[in-house]
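Secondary and tertiary structure notes
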Amino acid sequence: DTGVSQDPRHKITKRGQNVTFRCDPISEHNRLYWYRQTLGQGPEFLTYFQNEAQLEKSRLLSDRFSAERPKGSFSTLEIQRTEQGDSAMYLCASSPTRGRAQYFGPGTRLLVL
Amino acid sequence: AQRVTQPEKLLSVFKGAPVELKCNYSYSGSPELFWYVQYSRQRLQLLLRHISRESIKGFTADLNKGETSFHLKKPFAQEEDSAMYYCALSGQDAGGTSYGKLTFGQGTILTVHP
């Protein structure tokens, strides 16, 4: 499977714990995006990278959230001191630099108890 | 600011009937519009984009800048078209390079009855 992959697919954690998600994009894609989706809503943009550079961050991305793409390949999204409001599906997508279509991974579903 | 509105959360039609999923957008610059689809238990996938002017699975969508709309249409719906459909927008710079982020509508659940 050469599509976007995400790990883990599901995560249950207790409030106050830290969690980290991983995204592996399609290998030749330079851009990598993170979105969050809550029930009944469309995906909401969080941040994106071109290679290893983080080019844009949404206001939704509070100080508790940090994303990295250290070698321009895979990316991690960490949430510190999780809150119940962080419960959502976290989606990763990738695209070529000048391409416009984004290809999505299966998502990581987070439940904070 | 950019915004995408899909006024119908639910849409039901019978097999063989025409279907139109509405999408309106708000963006001050030159937008690029997409339709994404999510079938049950599958990931979000691109259905079509306005610059391609193509028909995928019998679906078409025309960008109407005057009405700021990008409605998705299919003349004869099939049961396998039942899914969640999202309209999405990306801005572009003067050179035509996408700004990157997609702004999604809330989605429309299409149900095609036999």
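Up top is the structure these notes are about.
Predicted model, so just to flag it, every value in this text is computed and none were measured. (Residues numbered from 1 in each chain as written. Chains lettered and ligands numbered in written order. Predicted model: local features only at pLDDT ≥ 70, side-chain atom pairs only at ≥ 80, totals over all residues. Heavy atoms only, no water.)

1. Observations concerning the sheet that holds strand β3 (residues 19–24) of chain A
All names here are of chain A. Sheet architecture is open: four strands sit in the order β1-β3-β8-β7, paired in antiparallel fashion. Looking at strand neighbours, the two that pair on one side only are β1 (5–7) and β7 (65–68), the edges of this open sheet. Between one strand and the next, the sheet's axes are offset by a mean angle of 15 degrees, whatever the strand orientation. Bridge analysis of β3 against strand β8 (residues 75–79) gives five bridges, and the strand direction is antiparallel. Bridge pairing in β8 links C23 to S75. (Pairing = 2+ DSSP bridges. Helix = DSSP H or I, 4+ residues; strand = E, 2+ residues; numbered from the N terminus. Axes fitted to C-alpha atoms, helices over the stretch in contact; angles between N-to-C directions.)

2. Regarding the layout of surface pockets
Reported here for the largest pocket is a volume of approximately 810 Å³. What lines the largest pocket is a set of 31 residues, and nearest its centre among them are Q37(A), L39(A), M89(A), R109(A) and Q38(B). Of all elements in the fold, only β9 (88–95) and β11 (108–112) of chain A together with β9 (83–91) of chain B reach the threshold of two or more residues within the lining of the largest pocket. Taken together, the residues of the lining of the largest pocket break down into 14 nonpolar, twelve polar and five charged. Reported here for the second largest pocket is a volume of approximately 580 Å³. Elements supplying a minimum of two residues to the lining of the second largest pocket: β5 (44–50) and β6 (53–57) of chain A together with β1 (3–5) and β10 (103–104) of chain B. In terms of residue class, the lining of the second largest pocket is built from seven nonpolar, seven polar and six charged. (1 Å grid on protein atoms, 1.4 Å probe; cavity = no way out; pocket = protein on both sides within 12 Å on 5 of 7 lines; lining within 4 Å. Points joined across faces, edges and corners; volume = space filled by probe spheres on them. Nonpolar A, V, L, I, M, F, W, Y, C, P; charged D, E, K, R; others polar.)

3. A look at the pattern of salt bridges
Residues and elements named next belong to chain A. Scanning the model with the defined rule gives seven salt bridges over all chains in all. We note a salt bridge from R64 to E83, for which the minimum N-O separation is 3.4 Å. Separated by 19 residues along the polypeptide, R64 in the loop between β6 and β7 and E83 in the loop between β8 and β9 bring together distant segments of the chain. A relative accessible area of 40% places E83 in the partly exposed class. (Salt bridge = Lys/Arg side-chain N within 4 Å of Asp/Glu carboxyl O. Buried < 20%, exposed > 50% of the residue type's maximum accessible area, 1.4 Å probe, protein only.)

None of the figures reported here should be taken as evidence of function without further support.
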